[in-house]
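Each chain, written out:
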Amino acid sequence: QVQLVESGGGLVQPGGSLRLSCAASGFTFSLYDVSWYRQAPGKERELVATITSADGKNYAGSVKGRFTISRDNARNTAYLQMISLKPEDTAVYYCNARGASNRRNYWGQGTQVTVSS
């Protein structure tokens, strides 16, 4: 069974840091591009960061310089390191895996990130 499981969310003060993890199973993780999305209440889902199967990286302008996406193919896990967090980063964060050479597309269940004093 294909699974993506996010973890690492929680409550943090403005200026703090969190590291999100996305653990994959049931497919060949190394062949998939991985993205982090987020959705805040009342707002549209937003693409935050992408890391490709070839290790290329892209970030939304709102997080560039503060967030770092990475992957460890040996552990079938992707990460999102978030620093200098702001209240506007508050959202449910979702992991997505998309086949680089096929049309398969998988989603995790989401993890809540709340930035508040």
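These figures come from a predicted structure and were not determined experimentally.

Rules used in this analysis
Residues numbered from 1 in each chain as written. Predicted model: local features only at pLDDT ≥ 70, side-chain atom pairs only at ≥ 80, totals over all residues. Heavy atoms only, no water. Helix = DSSP H or I, 4+ residues; strand = E, 2+ residues; numbered from the N terminus. Rg over C-alpha atoms; globule rule 2.2 N^0.38 Å. Buried < 20%, exposed > 50% of the residue type's maximum accessible area, 1.4 Å probe, protein only. Contact = heavy atoms within 4.5 Å. Areas by Shrake-Rupley, 256 points an atom, 1.4 Å probe, with all protein chains shown as cover. Lys, Arg positive; Asp, Glu negative; His and termini not counted. Charge placed at Lys NZ, Arg CZ, Asp CG, Glu CD. Pairing = 2+ DSSP bridges. Axes fitted to C-alpha atoms, helices over the stretch in contact; angles between N-to-C directions.

**Thoughts on the overall build of the chain**
In terms of regular secondary structure, the chain is built from zero helices and 11 strands. In the chain, the order of α-helices and β-strands from amino to carboxyl end is β-β-β-β-β-β-β-β-β-β-β. For 117 residues, the compact-globule estimate of 2.2 N^0.38 gives 13 Å, and the chain sits close to it at 14 Å. In the chain, buried positions account for 41% of the 117 residues. Residue pairs in contact within the chain that sit at least 24 positions apart in sequence constitute 54% of those at least 6 positions apart. Counting every atom, the chain has about 6,300 Å² of accessible surface; 45% of that belongs to carbon and sulfur. Here the chain holds 13 positive side-chain charges and 8 negative ones, and the gap between their average locations is 3 Å.

**Observations concerning the pairing of strand 8 (residues 77-82)**
Counting buried residues along strand 8, five of its six residues qualify, which places the element largely inside the surrounding structure. In the sheet, strand 3 (residues 18-25) pairs with strand 8 via six bridges, with the strands oriented antiparallel. Residue Ser-21 lies in a different strand from strand 8, and its bridge partner there is Tyr-79. Between strand 7 (residues 67-72) and the antiparallel strand that follows it, strand 8, lie four residues; Asn-76 among them carries a positive phi value of about 50°.

**Points about the sheet that holds strand 1 (residues 3-7)**
Strands sit in the order 1-3-8-7 across an open sheet of four strands; the sheet is antiparallel. Single-partner strands in this sheet number two, and they are strand 1 and strand 7. The average undirected angle you get between the axes of adjacent strands in this sheet is 15°. When strand 7 meets strand 8, the two strands line up antiparallel, connected through six bridges. The partner of Ile-69 across the bridge, within strand 8, is Leu-80.

**Thoughts on the side chain of Ser-21**
With respect to the element layout, Ser-21 can be found in strand 3. Note on Ser-21: relative accessible area 18%, which makes it buried. Excluding its chain neighbours within four sequence positions, the residues that come into contact with Ser-21 are Val-5, Glu-6, Ser-7, Trp-36, Thr-77, Ala-78 and Tyr-79.

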